[in-house]
There are 2 protein chains.
Amino acid sequence: MQVAIPLFARFTALDAVGPYEVLQRVPEVEIVFVGHRHGEVRSDNGMLGVTCDARFDEVLRPDVVVVPGGVGTRVLLDDAELLDWLRRVHPHTRFTTSVCTGSLLLAAAGLLDGLTATTHWGAVELLEHLGARYVEQRVVEHLPQRILTSAGVSSGIDMALRLVELLVDTETAQAAQLMIEYDPQPPFDCGSLPKADEAVRNRAAQLRR
Amino acid sequence: MQVAIPLFARFTALDAVGPYEVLQRVPEVEIVFVGHRHGEVRSDNGMLGVTCDARFDEVLRPDVVVVPGGVGTRVLLDDAELLDWLRRVHPHTRFTTSVCTGSLLLAAAGLLDGLTATTHWGAVELLEHLGARYVEQRVVEHLPQRILTSAGVSSGIDMALRLVELLVDTETAQAAQLMIEYDPQPPFDCGSLPKADEAVRNRAAQLRR
């Protein structure tokens, strides 16, 4: 079972690595990081370099696609090579999925037209502008269309556990959760917009670059 | 403020990228991935390549160290270069920390002698053999000694949020949580050994490679 994770300049690392870490626990899964060219791409702030081992034209029949987000998505909203690749591979995947603003790229490729979907809370308007209907959920599933979208950054871990359940079985997904010891105990409870007070929202606005 | 994340062959990607993703949200933080040599190292299964931008001898005064785990830790338990580096930088750090089996390396360097600490549930005996006293907690803090250890893989995210609180302030840590939308909703509740039934434990044993 091949999982393709597209990478591009200024992607958000955890968007890609969260699902990677869950999915790579499944013995029958092979994961390939795919990009416009072979070699390194750098994360949103440039401080992390990750290798693309394949070009889009070398990965033509992935069983699963997981599109990460990041500020780098914005310049790709009219990138013919990536969007054509998404349109070409999607009819043959078992699931085509996104994390965070990766859903902007699925929408730009036309895959979310008229569907409900989610994204990072900072990209809601843009997602709707691109033809999807935003819903405030951590993971949005369209099983007949074989499309899953997840909210900001860390939500990709939750989505990937569900993906393993869909692809293999519940017990394997639970075992993957145990292997990555995903028993979250965040020290605060302000990980979504409704849970964050105004001071935290204002501080987050300062952190956004 | 410089955060050094050592990488090595067969590291666990989420151990490194979870804390990276939290810490890089803080504007005053610079993160450097450091290794035995410049260039790419591959994750535990080899499917992900990440770049080391600096050698250990080039990063001599990091403010924070975050040591990830992975099966690759085992062959480093007597690696003089890495262990000497940990011993040399620790007296000058604000915090020296580990995720998952990264604590085995802190222990091998002598930094956990007689201290309580945590690690992945599969490495408890080895951690104790190396001189630490295991406690079943997600994050173990020793503020006077400036050492934090966290449990398996995903626990590094929780630890990193606490680190931001210690390094900057609570509001900034909460804003980082909001930015990565860390409002976990795992589809199952078996992310720690006490929560997993025997069938899940057995399946996890099959997944371990």
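Residues numbered from 1 in each chain as written. Chains lettered and ligands numbered in written order. Predicted model: local features only at pLDDT ≥ 70, side-chain atom pairs only at ≥ 80, totals over all residues. Heavy atoms only, no water.

1. Things to note about the packing of aromatic side chains
In step 1: Per the stated rule, a full pass over the model turns up 4 aromatic pairs over all chains.
In step 2: Consider the rings of Phe 56 of chain A and Trp 85 of chain A, whose centres lie 5.1 Å apart with planes at 45 degrees: the pair is tilted. Placement of Phe 56 of chain A in the loop between β5 (54-55) and β6 (64-67) and of Trp 85 of chain A in helix α2 (residues 80-89) is noted, with a sequence separation of 29 residues between them.
In step 3: A relative accessible area of 0% places Trp 85 of chain A in the buried class.
In step 4: A ring pair is formed by Tyr 20 of chain B and Phe 33 of chain B, whose centres lie 5.7 Å apart and whose planes are at 45 degrees; its orientation type is tilted. Note that Tyr 20 of chain B is positioned in helix α1 (residues 13-23) and Phe 33 of chain B in strand β2 (residues 30-35), a separation of 13 residues in sequence. For the pair Tyr 20 of chain B and Phe 33 of chain B, a shared accessibility class is recorded, and that class is buried. (Phe/Tyr/Trp six-rings, centres within 6.5 Å; stacked < 30°, edge-to-face > 60°. Helix = DSSP H or I, 4+ residues; strand = E, 2+ residues; numbered from the N terminus. Buried < 20%, exposed > 50% of the residue type's maximum accessible area, 1.4 Å probe, protein only.)

2. Side note on unusual backbone geometry
Glycine aside, residues mostly have negative phi angles, and peptide bonds mostly take the trans form.
Residues and elements named next belong to chain A.
In step 1: Even without being glycine, Cys 100 reaches a positive phi, approximately 60 degrees.
In step 2: By secondary structure assignment, the location of Cys 100 is in the loop between β7 (95-99) and α3 (102-108).
In step 3: Taking the relative accessible area as the measure of exposure, Cys 100 reaches 4% and is therefore buried.
In step 4: One non-glycine residue with positive phi stands out, namely Val 153, at about 30 degrees.
In step 5: Structurally, the position occupied by Val 153 is in the loop between β11 (147-150) and α5 (155-167).

3. Structural notes on the UniProt feature "domain: DJ-1/PfpI" (unreviewed entry) in chain A
In step 1: As annotated by UniProt and renumbered to match this structure, "domain: DJ-1/PfpI" (unreviewed entry) occupies residues 2-165 of chain A.
In step 2: Helix makes up 27% of residues 2-165 of chain A and strand 26%. Its end C-alpha atoms lie 16 Å apart. (UniProt positions renumbered as here; feature names shortened; annotations may be inferred.)

4. A short note on the pattern of salt bridges
Any two side chains of opposite charge can pair, given that their charged atoms come close.
In step 1: The final tally for this structure, using the stated rule, is 22 salt bridges over all chains.
In step 2: In this structure, Arg 42 of chain A and Glu 40 of chain A form a salt bridge, with 3.1 Å as the shortest nitrogen-oxygen distance.
In step 3: For Glu 141 of chain A, the salt bridge identified is with Arg 162 of chain A, shortest N-O distance 2.4 Å. Pair noted here: Glu 141 of chain A is in strand β10 (residues 139-142) and Arg 162 of chain A is in helix α5, with a separation of 21 residues, a long-range link.
In step 4: One network of salt bridges, in which partners are shared, links Glu 40 and Arg 42 of chain A together with Asp 53 of chain B. (Salt bridge = Lys/Arg side-chain N within 4 Å of Asp/Glu carboxyl O.)

5. A look at the pairing of strand β10 (residues 139-142) of chain B
Residues and elements named next belong to chain B.
In step 1: Here β10 shows a clear split, with Val 140 and His 142 buried on one side and none of Val 139 and Glu 141 buried on the other.
In step 2: Relative to strand β11 (residues 147-150), β10 runs antiparallel, the two sharing 4 bridges. Bridged to His 142 within β11 is Ile 147. (Pairing = 2+ DSSP bridges.)

6. Section: the sheet that holds strand β5 (residues 54-55) of chain B
Residue and element names in this part refer to chain B.
In step 1: Spatially, the 7 strands line up as an open sheet ordered β5-β2-β1-β6-β7-β11-β10, and their pairing is mixed. With partners counted over all chains shown, the strands left at the sheet margins are β5 and β10, one partner each.
In step 2: Where helix α2 (residues 80-89) meets the sheet, its contacts fall on β1 (2-6), β2 and β6 (64-67), and the angle it forms with β6 comes to roughly 150 degrees.
In step 3: Together, β6, β7 (95-99), β10 and β11 form the strand contacts of helix α5 (residues 155-167), whose direction differs from that of β7 by roughly 165 degrees. (Contact = heavy atoms within 4.5 Å. Axes fitted to C-alpha atoms, helices over the stretch in contact; angles between N-to-C directions.)

7. Examining the relation of the copies chain A and chain B
The two chain copies are connected by a rotation around an axis plus a translation along it.
In step 1: The two copies are related by a screw operation: chain A maps onto chain B through 180 degrees of rotation and 0.0 Å of translation along the axis, at an RMSD of 0.0 Å. Taken together, the rotation angle and the small translation identify this as a two-fold axis. Every residue of chain A has its C-alpha some distance from the rotation axis, and the shortest such distance is that of Val 50 of chain A, at 2.3 Å.
In step 2: The residues that chain A uses at the interface reappear at the interface of chain B in 99% of cases, marking a shared surface. (Least-squares fit on C-alpha atoms with pLDDT ≥ 70 in both.)

8. Some details on the sheet that holds β10 of chain A
Strands belonging to one sheet form pairs held by backbone hydrogen bonds; the direction of such a pair is parallel or antiparallel.
Residues and elements named next belong to chain A.
In step 1: Strand order across the open sheet formed by 7 strands is β5-β2-β1-β6-β7-β11-β10, with mixed pairing between neighbours. Lying at the two open borders of the sheet, with one neighbouring strand each, are β5 and β10.
In step 2: The sheet strands contacting helix α1 (residues 13-23) are β1 (2-6), β2 (30-35), β6 and β7, and the helix crosses β2 at an angle near 160 degrees.
In step 3: Across the sheet, α5 is in contact with β6, β7, β10 and β11; its angle to β7 comes to roughly 165 degrees.

9. Looking at a negative patch on the surface
In step 1: A contiguous patch of negative charge on the surface is contributed by Glu 28, Asp 169 and Glu 171 of chain A together with Asp 197 and Glu 198 of chain B.
In step 2: Residue placement: Asp 197 of chain B occurs in the loop between α6 (170-179) and α7 (198-207). (Patch = residues over 30% accessible without salt bridge, like charges linked within 9 Å, V, L, I, M, F, W, Y side chains within 5 Å. Areas by Shrake-Rupley, 256 points an atom, 1.4 Å probe, with all protein chains shown as cover. Lys, Arg positive; Asp, Glu negative; His and termini not counted. Charge placed at Lys NZ, Arg CZ, Asp CG, Glu CD.)

10. Comments concerning the interface of chain A and chain B
Many structure descriptions define interface size as the accessible area lost when the parts assemble.
In step 1: Each partner contributes to the interface: chain A provides 74 residues, whereas chain B provides 73 residues.
In step 2: Contact between chain A and chain B buries roughly 6,500 Å² in total, counting both sides, with carbon and sulfur atoms accounting for 60%.
In step 3: Where chain A touches chain B, the interface holds 4 salt bridges.
In step 4: Note that Lys 195 of chain A is salt-bridged to Asp 183 of chain B, the shortest N-O span being 2.7 Å.
In step 5: Across the chain A-chain B interface, the total number found is 46 residue pairs in polar contact (both at pLDDT 80 or more).
In step 6: When contributions to the side of chain A that touches chain B are tallied by element, the ones reaching two or more residues are α1, β2, β3 (39-42), β4 (49-52), α5, α6 (170-179) and α7 (198-207) of chain A.
In step 7: In terms of residues, the side of chain A that touches chain B owes the most to one element, α6 of chain A, which gives 10 residues.
In step 8: In terms of residue class, the side of chain A that touches chain B is made up of 36 nonpolar, 18 polar and 20 charged. (Buried area = accessible area lost by both parts, 1.4 Å probe. Polar contact = N/O pair within 3.5 Å; in protein donor to acceptor, adjacent residues only side chain to side chain. Nonpolar A, V, L, I, M, F, W, Y, C, P; charged D, E, K, R; others polar.)

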